[in-house]
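Each chain is listed here by its residues.
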Amino acid sequence: MKKSLLLLLLLTLAAGSHLCAYDYIDAVKKGVEFFDANRCGPQAGRDNVFSSWRGACHTSDSDGSIDLTGGYHDAGDHVKFGLPQFWSAATLGWALYEYRDLFDSKGLTTKTLSVLKYFTDFILKCHPNPTILYYEVGEGGADHGYWGPPEDQTGIRPVKSTSAGSDVCGEAAAALALMYLNYGGSYGQQCLDAAISILNLGLTNLGRSDGGSFYPSTSHFDDLSWGSIWVAVATGNDSYLDPIEEWMDWEVNDYNDDNYNKHWSPAWDDVTVFALLKLGHLTGNRKFMDGVINNLTWYRDECQKTPYGLPWLDSWGVLRYAASEAGVGYLAHKLLFWDGYLNTGALTMDYCLGDNPRNSSYVTNYLNNPPRHPHHRANEPNKDGVTHGMVGALVGGPNNSDSYEDNVNDYTMNEVALDYNASYILGMAGRAWIASGATPAPTPTPVPTAVPTPTPVPVLGDVKVQYQAGDTNDSTSEPKPRFIVVNDGTEDIPYGELAIRYFMTKDRYRDPLILNYDYVSLGSGNLNTTEHEGYVQVGFKSTAGTLAAGSTSGEIQLHMGTSPQTQLNQTNDYSFDPSYSSGFADYLKVALYRNDLLIWGTDPIEGPGEQPTEAPTSEPTQPPAVTAVPGAIGDVNSNETVDIVDALLIAQFYVGLDPAGFIAPLERGDTNCDGSVDIVDALLIAQTYVGLAPASWCGG
């Protein structure tokens, strides 16, 4: 095990070459702040890092009495296009959801939630009733005829709405469901309710929105899949996932491509790979996982590259596509445990920050020689070279020879946009997560099933549990299961040996359950109630005394909830049964354990009765170090052996540390004799250490 961990460390170092070369957390922070430059509406200048030059604008956006102010300008222009805006809100929300611990620990969450709420406040306005979703305010042609600050742009702007825009409905539903997961509370519930309504609108009236010549939609089943996934996660109702596999198998976009061999990057018009990635994580279905890996492998190995190695998909917004793909690669590592894209992801995100032939950043006014004249009206309102210095916007990027021109008129290389930065943050958050030393969770988290079907045979004993449902609502903020333990046997049993397990699927709230009691006959001080993965356990303390033969525990009325208060779906809880409401009755779906041995009921997690203990496995025999003569290549600590310690010393040297144990001449670390000491030399030693035979080690 130890040697495997050491090898994993080296592989991680290799995957994240130039480890910690940049402050990736600060890069994420600046990327989030960019959205302030594109705020629209009467509140645009509030909570805005660019408040000195951004203020209220387009305060008359409406459709009659329907207020449509707020939201974000799309790019350097001032139109509020629905498809890229809703996609960007969902993508940014996804980044926060998957890397929440990182955002929390680095102080990024508050600002990110502020940005997201500005998105979702607007989406909520766009859905005033169940039959309509507004998805565009302004018109591209007319808007592009104006160059100047948005605060000075006047006139009534046309709007577009839909009752059959499944693409914009799917993206809006995903953004709102993710806001429920990220934000919580009554506002989060409002977002989830709207997400369900909008998704139903898109499912009921299939069709595509009209993005004109600016954002022409070519697909909508991918967007419906994306929205359905996040509504399923937010509600705990996996029936939303039921049609997705059929959509993926049979419904394709206008390019008639293969959803499981996608040769494109996730972007505003195609979220297929995003959907496959999350489906693979939630369901464990190999087909979905392989679709993600096929896409990443194509992008890594076959997509056109610049001379420096940057994957170059398209001339317009090349870094947007590359960053999005890097984001998929990092999440494939985090959620699917596939690490085949980490090197390319590192190259991509470091390229954005300055590790490129120009040694220049592609993020406006950030790091070395950055773009200062993006194609952005608010930032450079007169095209005269005088700018407001907008920070944090990812520009389109170089041509296919790694060349770039910082020109305000060049909207191919120098455009900035909502979806550009959403992609950038998804990729950069993954880069920061890797650099922080984080590792994937041990197993994927499945979407809860509505009612898990237990395979174990029920255990019937002399000591049993009776149950009553105190709250019979399908959805409630306060589940209230009630129990009585009955001893029908002839043996007195110490309470301290007993524990009740009530099985429930944890809905996708961030906060743990708060466990209280309405009434306990024995006294609540004699109970020790804890939340576990898949169940709540009511344990008895020894102070409760003894459950005498022929007696009962009396009522135990459990009362659960979250803070902030969240609606919990009881229908997917194995132990919940609303038909047991009129009184207590014997109940096999609440288990009773005695000294960790099942003595009553069924346990859908552990199975029947006492579980066999797994035979211990011995630690694999550690391979001997390679004996080396004095001065041998690879023996950098000069102890006349070449082993994993030498590999680690080389790795530390490579990432800029000054390892005290590296006492040999520097050239001794060059195990492949290529004239440099780098991570490859460390990996060659590590491979030998675990029993492989690296062909390129010239120092063996």
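Residues numbered from 1 in each chain as written. Predicted model: local features only at pLDDT ≥ 70, side-chain atom pairs only at ≥ 80, totals over all residues. Heavy atoms only, no water.

Asker: Hey, could you run me through the nonpolar core in this one?
Answerer: Here is a general trend for soluble globular proteins: nonpolar side chains tend to be buried in one another's company. If you look at the biggest cluster of nonpolar residues, it comprises 141 residues, and the most contacted ones within it are Phe-35, Trp-94, Leu-133, Trp-226, Ile-229, Trp-230 and Tyr-424. Beyond its immediate stretch of four places on either side in the chain, Trp-230 contacts Trp-94, Tyr-97, Glu-98, Ala-174, Ala-177, Leu-178, Leu-181 and Lys-278. Counting 31 residues, the second largest nonpolar core, distinct from the first, contains Ile-493, Tyr-502, Ala-544 and Phe-576. (Core = buried A, V, L, I, M, F, W, Y, C linked by side-chain atoms within 4.5 Å. Buried < 20%, exposed > 50% of the residue type's maximum accessible area, 1.4 Å probe, protein only. Contact = heavy atoms within 4.5 Å.)

Asker: Sorry if this is basic, but what is going on with the pairing of strand β8 (residues 481-487) here?
Answerer: On a regular strand, each side chain points to the face opposite its neighbour's, so the side chains alternate between the two faces of the sheet. Of all 7 residues making up β8, 7 are buried, and the element is well covered by its neighbours. Burial along β8 is two-sided: the residues Pro-481, Phe-483, Val-485 and Asn-487 and Arg-482, Ile-484 and Val-486 are all buried. Two elements, β8 and strand β15 (residues 556-561), share 2 bridges in a ladder whose sense is antiparallel. Bridged to Phe-483 within β15 is Ile-556. (Helix = DSSP H or I, 4+ residues; strand = E, 2+ residues; numbered from the N terminus. Pairing = 2+ DSSP bridges.)

Asker: Just checking my understanding: could you explain the confidence of the model for the chain for this structure?
Answerer: The predicted coordinates ought not to be read in detail in places where the model reports low pLDDT. Overall, the predicted model of the chain reaches an average pLDDT of 87, with 86% of residues at or above 70. With pLDDT under 50 throughout, residues 1-7 is counted as low confidence; its partners more than four residues away or in other chains account for 11 contacts. Taken together, the stretch residues 11-20 has pLDDT below 50 and engages in 25 contacts with residues farther than four places along the chain or on a different chain. (pLDDT = per-residue confidence, 0-100.)

Asker: For this particular structure, what's the right way to read the sheet that holds strand β11 (residues 514-520)?
Answerer: Hydrogen bonds along the backbone pair up the strands of a sheet, which may run parallel or antiparallel. Strand order in the open sheet made by the 5 strands is β11-β15-β8-β6-β17, with antiparallel pairing throughout. The open sheet has two edge strands with one neighbour each: β11 and β17 (585-586).

Asker: Before we go on, may I ask you to explain the pattern of salt bridges in this structure?
Answerer: Oppositely charged side chains can pair when the atoms bearing their charge come close. Inspection of every chain in the model, using the stated rule, returns 27 salt bridges. As a salt-bridge pair, Asp-47 and Lys-111 come within 3.9 Å of each other at their nearest N and O atoms. Taken together, the positions of Asp-47 in the loop between α2 (24-33) and β1 (62-63) and Lys-111 in helix α5 (residues 109-125) put the pair 64 residues apart, joining distant regions of the chain. According to the relative accessible area criterion, Asp-47 is partly exposed, its value standing at 46%. A salt bridge links Arg-286 to Asp-290, with the shortest nitrogen-to-oxygen separation between them at 3.0 Å. One end of the pair, Arg-286, and the other, Asp-290, are both in helix α12 (residues 286-301), 4 residues apart, so they sit about a helical turn from each other. Look at Arg-286 and you get partly exposed, because its relative accessible area is 47%. (Salt bridge = Lys/Arg side-chain N within 4 Å of Asp/Glu carboxyl O.)

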